[in-house]
Amino acid sequence: MSRPMASMLVLFGATGDLAQRMLLPALYELQRDRLLPDGLRILASSRSDLDDAGFRALAAGSIERHGHPLDPAVLRALVDRIQYQPADSQDPASMAKLAAAARDRHDGDVVSHLSTAPRLYASICEALGQHGLGGSDSRVLLEKPIGHDLASAIAINDGVARVFDEERVFRVDHYPGKEGVQNLISLRFGNALFEPLWNARHVEQVQITVSETVGVEGRGDYYDHSGAMRDMLQNHLLQLLCLVAMEPPSQLEPSAVRNEKIKVLRSLRAIEGADAASHSVAGQYTAGAIDGRAVPGYREELGRDSRTETFVALRAHIDNWRWSGVPFYLRTGKRLPRRCTEIYLQFRAVPHSIFGGVETQPNALVIRLQPEERISLTLMSKTPGLDRQGLKLSQVSLDLDLHDAFEKVRRRSAYERLYLDALEGNGTLFVRRDETETAWQWVDGILHAWHQQGLAPKPYPAGTWGPSAAVTLTERHGHSWRE
Ligand code: BG6
């Protein structure tokens, strides 16, 4: 059910990195295309002692710095909507002032966006509730990570639930907001071609790769406490896995989609005890080179010793009828050779070759989500020639470059889409409580097994595809990573 359009956005953590890098630029782009609701007011808040003018100047600077050429009229229209009110969630008087400012300036639904440390979510929600911003005309947007493990996620979710019903809680995972990720839904459910093949009878293996070339980029304190498993796998990769593996929802609507995603998460086979060593690999980058440029190792960047993983690869299984026996290889890491988010489905080999000794390669579907959006299907084709020594076959590829196909259409950032949906109250692309908790439960099992089995991350030089054990993870089963 869609809710009324919001008339007030309260942005907590407005001077923070995410707000400066992604959120304010997204609001600017929406303003540019006049997509923000006419009467929308934005109340920005953080602990910094700024006034309206100070924050507006900061916002303008960061929008420009993050690659958005400033149009003075658009900027004026955006900053005219923005007021700034300093507040500290631990200081009730400042929260009361903030709430009063929000109440005074709206005449419709209020969306509070919490872009702060997650440990503050429960207390901020409590204050919102106390000051009249937790009622049925309000909703809350929460950034990841929701906790550090299942227990802390439950504590946060319980705290939020004391004020907001679940249908008014919008947990952000920015991956589902990406154009390419939504295209995955369109590809699967907008075409009749793939569905009959999308199962264990026809699919040999699935790979989901999210590789990054960046290191920890000054976020060492957060990252070292988190690692690739918590930072990327628990959320972004498992969301992609759900969209690849779920049953067709009856409609593109919040409950229908999320009911299907949760079934996938609940069907994930636990990786526990001795299985951890054969089904998972953790790695940590050492000094190396990316694009010919020397880069330091993780520990050098961090300035101390650490056992945190910057790479993780898993062999996962979804124990249901559709996917029985099909391995889902998931991998993500920092300082890998290139930035790429890709889903690869390898189909089963032909059941019988009519070509004598001529080898055929299995068909594969590659869905590249970023940096460019591209879909390619590899097929076997006859190599032209007279075939006096017998028919020759070669692998060819049907390629669809979606940037070319839609070259006149502007690509939207994930946050532009997510903001509009949240302002409209459409939760389809947001993560429900049971999803995040089930994902934590699965991930906790693996982390616990690593600990129990004394599995430490294996080193890999920056600019390579992770430790060699990641190669063994697939090769042991006759598969190899697509590179
Ligand atoms: C964030 C992680 O959620 O996603 C970062 O905290 C990571 O560590 C980022 O770099 C990747 O997002 P994107 O959109 O650049 O693929």
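**Some thoughts on the sheet that holds strand β2 (residues 41-45)**
Okay, step 1: A sheet is described by the order of its strands in space; here six strands give the open sequence β3-β2-β1-β4-β5-β6, paired in parallel fashion. The open sheet terminates on both sides in strands that have one partner only, identified here as β3 (82-84) and β6 (169-171). Across this sheet, the average inter-strand angle for adjacent strands is 20 degrees, counted without regard to direction.
Okay, step 2: The pairing of strand β1 (residues 6-12) with β2 spans five bridges and is classified as parallel.

**Re the side chain of Ser267**
Okay, step 1: On the secondary structure map, Ser267 appears in helix α9 (residues 254-267).
Okay, step 2: The residues contacting Ser267, other than those within four sequence positions of it, are His317, Ile318, Asp319 and Asn320.

**A closer look at the nonpolar core**
Okay, step 1: Of all hydrophobic cores here, the largest spans 104 residues; its most connected members are Leu233, Leu238, Phe328 and Trp442.
Okay, step 2: Sequence-distant contacts of Leu233, defined by excluding residues within four places in its chain, comprise Ala228, Leu238, Val312, Leu314, Leu330, Trp442 and Val443.

**Concerning the pattern of salt bridges**
Okay, step 1: Here the structure, examined in full by the defined rule, presents 36 salt bridges.
Okay, step 2: Asp17 is paired through a salt bridge with Arg21; the nearest N and O atoms lie 3.1 Å apart. With a gap of four residues between them, Asp17 and Arg21 both fall in helix α1 (residues 17-32), about one helical turn apart.
Okay, step 3: Given the relative accessible area of 36%, Arg21 is considered partly exposed.
Okay, step 4: Here Glu416 and Arg412 are joined by a salt bridge, their closest N and O atoms 2.7 Å apart.
Okay, step 5: The class of Glu416 is buried, set by a relative accessible area of 5%.
Okay, step 6: A single salt-bridge network, built from bridges that share partners, covers Glu29, Arg32, Asp33, Arg410, Arg412 and Glu416.

**Topic: empty space enclosed by the protein**
Rolled over the atoms, a probe with the dimensions of a water molecule shows which regions are left empty.
Okay, step 1: Tallied over the full model, the rule gives four cavities of 30 Å³ or more.
Okay, step 2: Empty space within the largest cavity amounts to approximately 150 Å³.
Okay, step 3: Taken together, 16 residues form the lining of the largest cavity, with Asp173, Gln234, Asn235, Val431 and Thr436 sitting closest to its centre.
Okay, step 4: Of the residues belonging to the lining of the largest cavity, the class tally is eight nonpolar, four polar and four charged.

**A few points about the site of the ligand**
Okay, step 1: By nearness alone, every residue bordering the ligand is listed as Lys144, His174, Tyr175, Lys178, Glu212, Arg219, Asp231, Met232, His236, Lys334, Arg339 and Gln370.
Okay, step 2: The contact in question runs from an oxygen atom of the ligand to an N or O atom on the side chain of Asp231, over 2.6 Å.
Okay, step 3: Contacts to the ligand include Lys334, whose side-chain N or O atom sits 2.7 Å from an oxygen atom.
Okay, step 4: The fraction of the free accessible surface of the ligand (400 Å²) that becomes covered by protein chains is 80%.

About the criteria used
Residues numbered from 1 in each chain as written. Predicted model: local features only at pLDDT ≥ 70, side-chain atom pairs only at ≥ 80, totals over all residues. Heavy atoms only, no water. Pairing = 2+ DSSP bridges. Helix = DSSP H or I, 4+ residues; strand = E, 2+ residues; numbered from the N terminus. Axes fitted to C-alpha atoms, helices over the stretch in contact; angles between N-to-C directions. Contact = heavy atoms within 4.5 Å. Core = buried A, V, L, I, M, F, W, Y, C linked by side-chain atoms within 4.5 Å. Buried < 20%, exposed > 50% of the residue type's maximum accessible area, 1.4 Å probe, protein only. Salt bridge = Lys/Arg side-chain N within 4 Å of Asp/Glu carboxyl O. 1 Å grid on protein atoms, 1.4 Å probe; cavity = no way out; pocket = protein on both sides within 12 Å on 5 of 7 lines; lining within 4 Å. Points joined across faces, edges and corners; volume = space filled by probe spheres on them. Nonpolar A, V, L, I, M, F, W, Y, C, P; charged D, E, K, R; others polar. Near = heavy atom within 4 Å. Polar contact = N/O pair within 3.5 Å; in protein donor to acceptor, adjacent residues only side chain to side chain. Areas by Shrake-Rupley, 256 points an atom, 1.4 Å probe, with all protein chains shown as cover.

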